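So the chains spell out like this:
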Amino acid sequence: MKLAYKVALASVLAGGSHVVVAQHTQAFTSGENYYHEGVELFDRAKYGAAQEAFRKYINLIGDNAKTADAQYYYALSGLYLLHPDAEQLILNFAKTFPTHPKTALANYELGLYYFEQKNYKRAAELLQLAPTHLLSIKQNKELEFKLGYSYFATKDFDNAKIWFDKNKTTGFREDEHRFAYASSYYAGYISYRKGDYAAAKADLKVAEKNEAYANIVPYMITEILYKENDVYEVIRYGEAALAKKPPVQQADEIALLVGDAYYQKADYKTADKYFDQFAEGKKTMDPVVQYKIAFTDYKNNNFKEAITNFKAVALKKDALGQNAAYYLGLSYLKENNKQFALTAFDQARKSDLDKDVTEAATLKYAQVNYELGNFREVINSLADFNKNYPNSSQAEEADKLLSESYFGSNNYADAIRHIESLEKKSWRILQTYQRVTYYHAVNLFNDAKFPAAVAMLDKSLQYPYDKDVTAASHFVKGEAYSIGQRYQDAINSYGAVFRTTQNAKEDYYTKSRYGIGYAYYNTKQYDKALTHFKAYLDAVKPSNPNYNDATLRLADTYYVSKNYNEALKLYERVLSSSSPDRDYALFQKGVINSITGRNDRAAEALQEVISKFPQSRYAEAAQYQRTLIDFEGGNYQAAVKGFTTLINNMPNSRLVPNALQKRGIAYANLGQNNQAIADQQRVLNEFPDSKVASGALYSLQEVLGAENRTNEFDTYLDKYKSANPESDALESVEFNSAKNLYFAQNYEQALPKFEKFIVQYPKSSFVPDARYFLADSYLRTNRMQEGLQRMKEVITENRSEYLNRGIQRVADLEFEAKNYPEAIKYYSRLRDLASNRKEQQTALTGLMKSYFVTNDYAGTKRVANELISQGNASLNAYNTALLYRGKATYAQGSLDQALKELSETAKEASDVNGAEAHYLVSEILFKQKKYKESLDKSFEFNNRFSNYDYWLGKTFLLIADNYAAQNEMFQATSTLNSIITNAPNPEIVEEAKQKLAKLEGKSTPENQQQQQVPANDTTGQQ
């Protein structure tokens, strides 16, 4: 406690004492001298000496009542000396002399004591009991302030305000009232706290006149002006405050308020100056402040800084974060970074806290996607735009984007559903509908969903706005019918292409020539097939992948019509090429030369097939035909040798019964009747239902007669009759009954009938096929083990017309069961027995995949290259081969070569093979740390393959990895959040969650700006 206060108070107290003493008439005694000495010493703040004088006086007088004043001074001196017993002495005095005038003064002094000890609650209790009428003006002013401050410190702001308001008034010289400015300051602060800005401002401006508060008050006044929305006064006062020397306290906060005032005036240039002053040296800021700084940067075309600041706010899950994300997107657009802009707009549109921003961000997201060719995303984002924003001023723009995106969209199913749901459809929308239904049909076709493709093409053909699309629809419809062997329907569809497109040079016109040619060829209308194959060859170049195949089919039509010279010319043309079907052309060359009597040339050609193409599916036929020339030329010894070669070396050949029958005749002509009888008997024993069985029966009868063994003939005649019953025989009826159930897909009902038939008619010619149907029925009813065993028996028996189908089924099942060595075994056999290129390519595709999963990458590439050289006879075989060649190279670690091969695949294939290849290209670039190239390639995926959800999800996971690798955490986390929200594949979602958890473990927590409040002035004196 300051000495001046104590001296002044002592004077008052001493004066009171003299009044009391003056009432006594007796002269001063020596005891009274001690008392007066004590008062004099007390006035001079000699509290120790004064206390000693008062002690002598009290002891000398010895009267408790007469020494009351001395006891009071004694206790008060101890209080000033901070004696530990002084407080209790004062309290004892008040208790002993409750009516004594000095008891009231004791409350005042003790209240000041408690104030000094910062026990504000007790100080307030005592100071409010002080006798203000006994105090001087200065003492009253001190009491008012300290009582007010005690209430302030105990948060009793209402009472504090009363005493501060009383204390701050003047009417005397300022130097006599040291608490006026402090009271104005605290009264102003309390008014500010209550929102009474006018009163607060008036008080604080008084306080500002005092140098103790001159540097403290400006921030509060500026903030009051700001809260009063007086932006002009904020600027005037705030700039003046910032110009003061020395600098005022919280100058950065004043700069923020001045900057914000300029911000509200849209004076972004000046706002930027003050925002920079505020932000200097700060690592973290309040999100609202950082947003305004970012927006100011945006308005000043300082987009890089705007991006930095918007990013810090954009991840907040509130309206401010939504706005920040939207303007972050706009800033990225200004920097021509459309992919990053997409992520920001995507985040903004997914929040509906600010509807206007949601609408604007949705449209921007769609616009940028459209510019990038992400048409599927445009459709998804605008699908419900008109519903969500029925009165939007941007409705026309949204409809335009939506309509134009349908043209380039791969998300055809959703596009179709959306268009079909529209109540009103403009001609433009219907024109789009024609296209998207066609494109969707093509995808269904590529996925081998042919009936669904035809149904979708019929939808497209309802709106023939675009003739090219109409022609294409008829063509694809023809292709679907051809694959389904509905050749007459295929012919009608191909014919519609000719009626729609009159220009013979049009692509689908030419392709339809090839398709309709095959349809006529398969229905044995060879004269019509000839016309179209010829027209097709006239329209395409030899480099066309189907050129050689069409040449062969045209040659075949000439062959059937017995125009052998023209047929031979065309077969020779194929032989001079690198066609994989040269073995067939060579075989046909041999057959024609044989027919036209040029046996030497025929034998030479057929022998060339056997020697040059030993694995050819025509090798056994060539062997047979080559031997037949010797046989028909009477060279029976050579014929026996040739037929024996076929029978021994190709025991599974379907020509074995023919070779046996012909060899038997050759033996007979050579006079070797026993061998002749043995061969004909073998035909009737092993192949009684073959086409040559009747010839074998006739030859056997003849040879047995020559050997006088006719009694043996009846046994073989009975076998023949048993194996070749009349067409109306009961077994035929029963077999067909079971077969009809099979083809009607009533497999459960077909099973017992086939079982019964095989038992009842074990020697029937229908048994081999019945075994196949039985095995397949088991498989189709999910009795896989039984079905697989039965199907292998069919293959071992090797007599069913459906043998190759059985082999493929077993191969596929073994592959699905991951029994890859067995799968390789059966795919290899199917390849060797394939009756056409499509069947062969199916076998090669399975073989290639089996090699790949067993890590035989060299074998994978060998088969893949063979498939690639053959073109695309089997649906998607070419594309699959391209993919697996690249995957094998990738697995071998040759990244550059794999990149080249997989890029070719992605370019060529528009199916799932292309989708996987495109992803792998992006992945390889990522592994090579070519992050920009990887991102660019990843973003291209959505343009072509967005309907393949799994690979789309994998691609977006890779995009997030690329962002994380470049430390673009906002982009990475936003991408992963989008995957988690939208991806339909659970596996992809789970992977995204794992990646997000790892990223969030590296991120820093949100920072918060602390609110500034006035510092407590615990003494009230500055």
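Since we're looking at a predicted model, the values are computed, not measured. (Residues numbered from 1 in each chain as written. Predicted model: local features only at pLDDT ≥ 70, side-chain atom pairs only at ≥ 80, totals over all residues. Heavy atoms only, no water.)

## What to know about the overall build of the protein
Just so we agree on the cut-off: To qualify as a helix, a DSSP run of H or I must reach at least 4 residues; to qualify as a strand, a run of E must reach at least 2; elements of each kind are numbered from the N terminus. Burial classification: accessible surface area is computed with a 1.4 Å probe over protein chains only, and a residue below 20% of its type maximum counts as buried, one above 50% as exposed, and the rest as partly exposed. We call two residues contacting when some pair of their heavy atoms lies within 4.5 Å. Residue burial considers only the protein chains on display, and all accessible areas are found by Shrake-Rupley using a 1.4 Å probe. We count Lys and Arg on the positive side and Asp and Glu on the negative side, and we leave His and both chain ends out. A charged residue contributes its charge at one atom only: NZ of Lys, CZ of Arg, CG of Asp or CD of Glu.
When its secondary structure is counted, the protein shows 56 helices and zero strands. Here the C-alpha coordinates of the protein stretch approximately 190 × 60 × 50 Å along the principal axes. A burial count over the protein gives 51% of its 1022 residues as buried. Restricting to contacts in the protein with at least 6 residues of sequence separation, those with at least 24 account for 54%. In the structure as shown, the protein presents an accessible area of about 48,700 Å², 48% of it carried by carbon and sulfur atoms. For the protein, the distance from the average site of its 124 positive side-chain charges to the average site of its 125 negative ones is 2 Å.

## Comments concerning helix H4 (residues 68-80)
Convention followed: One less than the number of residues in a helix, times 1.5 Å, gives the span that helix is expected to have.
Compared with an ideal rise of 1.5 Å per residue, which puts 13 residues at 18 Å, H4 spans 19 Å between its outermost C-alpha atoms and is within 8% of the ideal. Taken across its 13 residues, H4 has eleven buried, putting it largely inside the fold. The complete set of buried residues in H4 reads Ala68, Asp69, Ala70, Tyr72, Tyr73, Ala75, Leu76, Ser77, Gly78, Leu79 and Tyr80. At the exit of H4 stands Leu82, carrying a positive phi of roughly 65°.

## A look at the pattern of salt bridges
Quick reminder of the rule: Whenever a carboxyl oxygen of Asp or Glu lies within 4 Å of a side-chain nitrogen of Lys or Arg, that contact is scored as a salt bridge.
Overall, the coordinates contain 50 salt bridges when judged by the stated rule. A salt bridge links Asp549 to Arg553, with the shortest nitrogen-to-oxygen separation between them at 3.1 Å. Of the two residues, Asp549 and Arg553 both sit in helix H32 (residues 547-560), four residues apart, roughly one turn of that helix. Accessibility expressed as a relative area gives 11% for Arg553, which makes it buried. In this structure, the salt-bridge partner of Glu822 is Lys792, at a minimum N-O distance of 3.8 Å.

## Looking at the nonpolar core
Put simply, the rule is: In this text, buried Ala, Val, Leu, Ile, Met, Phe, Trp, Tyr and Cys residues form a nonpolar core when linked through side-chain atoms within 4.5 Å.
Counting residues in hydrophobic clusters, the biggest one holds 131 residues, and the most contacted among them are Phe152, Phe164, Tyr185, Tyr213 and Phe310. In terms of residue count, the dominant contributor to this core is helix H15 (residues 251-264) (nine residues). In terms of nonpolar packing, the next biggest core, distinct from the first, is built from 108 residues, Ala398, Leu401, Ala602 and Ala696 among them.

## Side note on the packing of aromatic side chains
Any aromatic ring pair is given by two values, namely how distant the centres are and how the planes are angled relative to each other. Short version of the rule: Ring geometry is summarised as follows: Phe, Tyr and Trp rings, the Trp one being its six-membered ring, pair when their centres sit within 6.5 Å, and such pairs are stacked at plane angles under 30 degrees, edge-to-face over 60 and tilted between the two. Two thresholds decide whether a charge sits over a ring: the Lys NZ or Arg CZ must be within 6 Å of the ring centre and within 35 degrees of the ring normal.
Applying the stated criterion to the full structure yields 77 aromatic pairs. The interplanar angle of 45° and the centroid separation of 5.1 Å between the aromatic rings of Phe757 and Tyr761 together place this pair among those described as tilted. As far as burial versus exposure is concerned, Phe757 and Tyr761 are alike and both buried. If you follow Lys282 out to its NZ or CZ, it ends over the ring of Phe278, 4.3 Å from the centre.

## Overview of the environment of Tyr332
Position of Tyr332 among the secondary structure elements: in helix H19 (residues 319-334). Remark: the alpha-carbon pair of Tyr332 and Asn302, spanning 30 residues in sequence, is separated by 11 Å. Those residues in contact with Tyr332 that lie beyond four places of it in its chain are Ile307, Lys311, Asn337, Phe340, Ala341, Glu968 and Gln971.

## Description of the side chain of Ser934
Under the convention used in this document: Polar contacts, as used here, are pairs of N or O atoms within 3.5 Å; protein pairs need one atom able to donate a hydrogen and one able to accept it. Residues neighboring in sequence count only if both atoms are side-chain atoms.
Inspection of the secondary structure assignment puts Ser934 in helix H53 (residues 931-945). Overall, the relative accessible area of 0% leaves Ser934 in the buried class. Within polar-contact distance, the side chain of Ser934 engages the side chain of Asn962 at 2.9 Å.

## Observations regarding the packing of helix H27 (residues 450-461) against helix H28 (residues 467-483)
We apply this condition: Lines fitted to C-alpha atoms define the axes here, with helix axes fitted over just the stretch in contact, and angles between the N-to-C directions of these axes take values from 0 to 180 degrees. Our angle categories are set so that under 35 degrees counts as roughly parallel, over 145 as roughly antiparallel, 65 to 115 as roughly perpendicular, and the remainder as oblique. With the far helix as reference, a near helix turned anticlockwise by less than a right angle produces a left-handed crossing, and one turned clockwise produces a right-handed crossing. The residue classification treats Ala, Val, Leu, Ile, Met, Phe, Trp, Tyr, Cys and Pro as nonpolar and Asp, Glu, Lys and Arg as charged. All others, Gly included, are polar.
Packing of H27 against H28 leaves a shortest axis separation of 9 Å and a crossing angle of 155°. Looking at the two axes, H27 sits roughly antiparallel to H28. Where H27 crosses over H28, the handedness of that crossing is left-handed. Residues Phe450, Val454, Leu457, Asp458, Ser460 and Leu461 of H27 form the contact with H28, whose participating residues are Val469, Thr470, Ser473, His474, Val476, Lys477, Ala480, Tyr481 and Ile483. Broken down by class, the residue content of the contact of H27 with H28 amounts to nine nonpolar, four polar and two charged.

## Section: the side chain of Asn309
Here Asn309 is to be found in helix H18 (residues 303-314). Of the residues examined, Asn309 reaches a relative accessible area of 8% and is grouped as buried. In this structure Asn309 touches Met285, Gln290, Ile293, Ala294 and Asp297, once residues within four positions along its chain are discounted.

## Some thoughts on unusual backbone geometry
Of note, the bond from Lys245 into Pro246 is cis; its omega dihedral lies within 30 degrees of zero at -5°. When you line up the elements, Pro246 lands in the loop between helix H14 (231-242) and H15. Positioned with a positive phi, Asn229 is a non-glycine residue whose angle comes to about 60°. Structurally, Asn229 can be placed in the loop between helix H13 (217-227) and H14. Positive phi values are uncommon outside glycine, yet Asn301 reaches one of about 65°.

## Details of the confidence of the model for the protein
The following threshold applies: Per-residue confidence from the predictor is reported as pLDDT, a score between 0 and 100.
Summing up the model confidence of the protein, the mean pLDDT is 84 and the portion of residues at 70 or higher is 91%. Confidence, read as mean pLDDT per element, is least for helix H1 (residues 3-22) in the protein (37) and greatest for H27 (94).

## Looking at the environment of Leu342
As for its placement among the helices and strands, Leu342 is situated in helix H20 (residues 338-349). For Leu342, a relative accessible area of 8% puts it in the buried group. In this structure the C-alpha to C-alpha distance between Leu342 and Ala366, which are 24 residues apart in sequence, comes to 8.8 Å. The contacts of Leu342, once residues within four sequence positions are left out, are Tyr365, Val368, Asn369, Leu372 and Asn374.

## Quick look at the packing of helix H45 (residues 784-797) against helix H46 (residues 803-816)
Orientation of H45 relative to H46, taken along the N-to-C sense of each, is 140°, at an axis distance of 9 Å. Between H45 and H46, the angle falls in the class oblique. Once H45 is placed against H46, the crossing between them reads as left-handed. Contact residues: H45 offers Met784, Leu788, Met791, Lys792, Val794 and Ile795, while H46 offers Leu803, Gly806, Ile807, Arg809, Val810, Leu813 and Glu814.

## Here's the deal with helix H37 (residues 636-649)
Compared with an ideal rise of 1.5 Å per residue, which puts 14 residues at 20 Å, H37 spans 20 Å between its outermost C-alpha atoms and is within 8% of the ideal. Inspection of H37 places Ala639, Val640, Gly642, Phe643, Leu646 and Ile647 among the buried residues, and these make up the whole buried set. Lining the buried residues of H37 we find helix H36 (619-632), helix H38 (656-669) and helix H39 (673-686).

## Thoughts on the environment of Met650
Examined against the element boundaries, Met650 turns out to sit in the loop between H37 and H38. Sequence separation of Met650 and Ala619 is 31 residues, and the distance between their C-alpha atoms is 9.7 Å.

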